[in-house]
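# Fold and geometry: a report
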Amino acid sequence: MMLPTAALAHAGDHGHFDLAALIAHLFEPDHLFFAAVTVFASILAYRAGRRAEARAHLRKDADHDPR
């Protein structure tokens, strides 16, 4: 996370910000876009995990079915 390559999305010195400038910088379109991509990917991963968990429970219940 702390590698300098993380700031290569747009060139420039990212070390001189005060709090107001940092907040303004985080609301630039490229930061908002990648935040939205992160949220979207997180939702997809969460839903995939829930579906996998439900399938695992169904398989476990089917293995223990006394019929």
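So, here's what we can say about the structure.

### Quick word on the overall build of the protein
- Tallying secondary structure elements over the protein gives two helices and zero strands in all.
- In the structure as shown, the protein presents an accessible area of about 6200 Å², 69% of it carried by carbon and sulfur atoms.

### Let's talk about the packing of aromatic side chains
- This structure, assessed with the given rule, holds one aromatic pair.
- Judged by centre distance (5.2 Å) and plane angle (75°), the rings of Phe 33 and Phe 34 are edge-to-face.
- For Phe 34, a relative accessible area of 49% puts it in the partly exposed group.

### Overview of a positive patch on the surface
- On the surface, Arg 47, Arg 51, Arg 55 and Arg 59 cluster together into a patch of positive charge.
- Mapped onto the elements of the fold, Arg 55 is located in helix α2 (residues 29–63).
- For Arg 55, a relative accessible area of 45% gives the class partly exposed.

### Notes on the side chain of His 25
- With respect to the helices, strands and loops of the structure, His 25 is situated in helix α1 (residues 19–26).
- Residue class for His 25 comes out buried when judged on its relative accessible area of 9%.
- In terms of polar contacts, His 25 uses its side chain to reach the side chain of His 31, at 3.0 Å.

### Some thoughts on a nonpolar patch on the surface
- Judged by side-chain polarity, Leu 19, Leu 22, Ile 23, Leu 26, Phe 27 and Leu 32 come together as a nonpolar surface patch covering roughly 590 Å² of accessible area.
- Looking at which element gives the most residues to the nonpolar patch, the answer is α1, with four residues.
- Positionally, Leu 32 belongs in helix α2.

Calculation rules
- Residues numbered from 1 in each chain as written.
- Predicted model: local features only at pLDDT ≥ 70, side-chain atom pairs only at ≥ 80, totals over all residues.
- Heavy atoms only, no water.
- Helix = DSSP H or I, 4+ residues; strand = E, 2+ residues; numbered from the N terminus.
- Areas by Shrake-Rupley, 256 points an atom, 1.4 Å probe, with all protein chains shown as cover.
- Phe/Tyr/Trp six-rings, centres within 6.5 Å; stacked < 30°, edge-to-face > 60°.
- Buried < 20%, exposed > 50% of the residue type's maximum accessible area, 1.4 Å probe, protein only.
- Patch = residues over 30% accessible without salt bridge, like charges linked within 9 Å, V, L, I, M, F, W, Y side chains within 5 Å.
- Salt bridge = Lys/Arg side-chain N within 4 Å of Asp/Glu carboxyl O.
- Lys, Arg positive; Asp, Glu negative; His and termini not counted.
- Charge placed at Lys NZ, Arg CZ, Asp CG, Glu CD.
- Polar contact = N/O pair within 3.5 Å; in protein donor to acceptor, adjacent residues only side chain to side chain.

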